[in-house]
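So you can see what is in the structure, the chains are spelled out below.
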Amino acid sequence: MSKKKYDDDPGHTIVDMNVEGMPGYIKPEVKKNRREIAALNLTKKERRAIFWGGFLAALPVALIIIGSFAAMVLFAYWWLK
């Protein structure tokens, strides 16, 4: 089934269908950030470097949290033994 073509239809959108509360809603600030990121024209290697830089920056904090949780579990095991 094909779409109907109208002679008076210019083909552009009259109303933005990105409505808050609807499935697929994208916040305006997210749209702006996506456009800014796309405008950077980063290569695959640069994007990968940015990802790993952020990951490695967050890794010590994550390890401290996981280590603290493990220490609490071990202490509780020892205490309740």
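That block above? That's the structure.
This text gives an overview of the structure that appears in the document. Quick caveat: nothing in here was measured; it's all calculated off a predicted structure. (Residues numbered from 1 in each chain as written. Predicted model: local features only at pLDDT ≥ 70, side-chain atom pairs only at ≥ 80, totals over all residues. Heavy atoms only, no water.)

1. Let's talk about helix H1 (residues 28-39)
The end-to-end C-alpha separation of H1 is 17 Å, in line with the 16 Å expected for 12 residues at 1.5 Å each. Judged by how many residues are buried, H1 sits mostly at the surface: 0 of 12 residues are covered. The first or second residue beyond H1 is Asn41, which carries a positive phi of 55 degrees. (Helix = DSSP H or I, 4+ residues; strand = E, 2+ residues; numbered from the N terminus. Expected span 1.5 Å × (residues − 1). Buried < 20%, exposed > 50% of the residue type's maximum accessible area, 1.4 Å probe, protein only.)

2. So, the pattern of salt bridges
One pass over the full model with this rule turns up 1 salt bridge. With its nearest N and O atoms 4.0 Å apart, the salt bridge here joins Lys32 to Glu36. Taken together, the residues Lys32 and Glu36, both in helix H1 and 4 residues apart, mark about one turn of the helix. The class of Lys32 is partly exposed, set by a relative accessible area of 47%. (Salt bridge = Lys/Arg side-chain N within 4 Å of Asp/Glu carboxyl O.)

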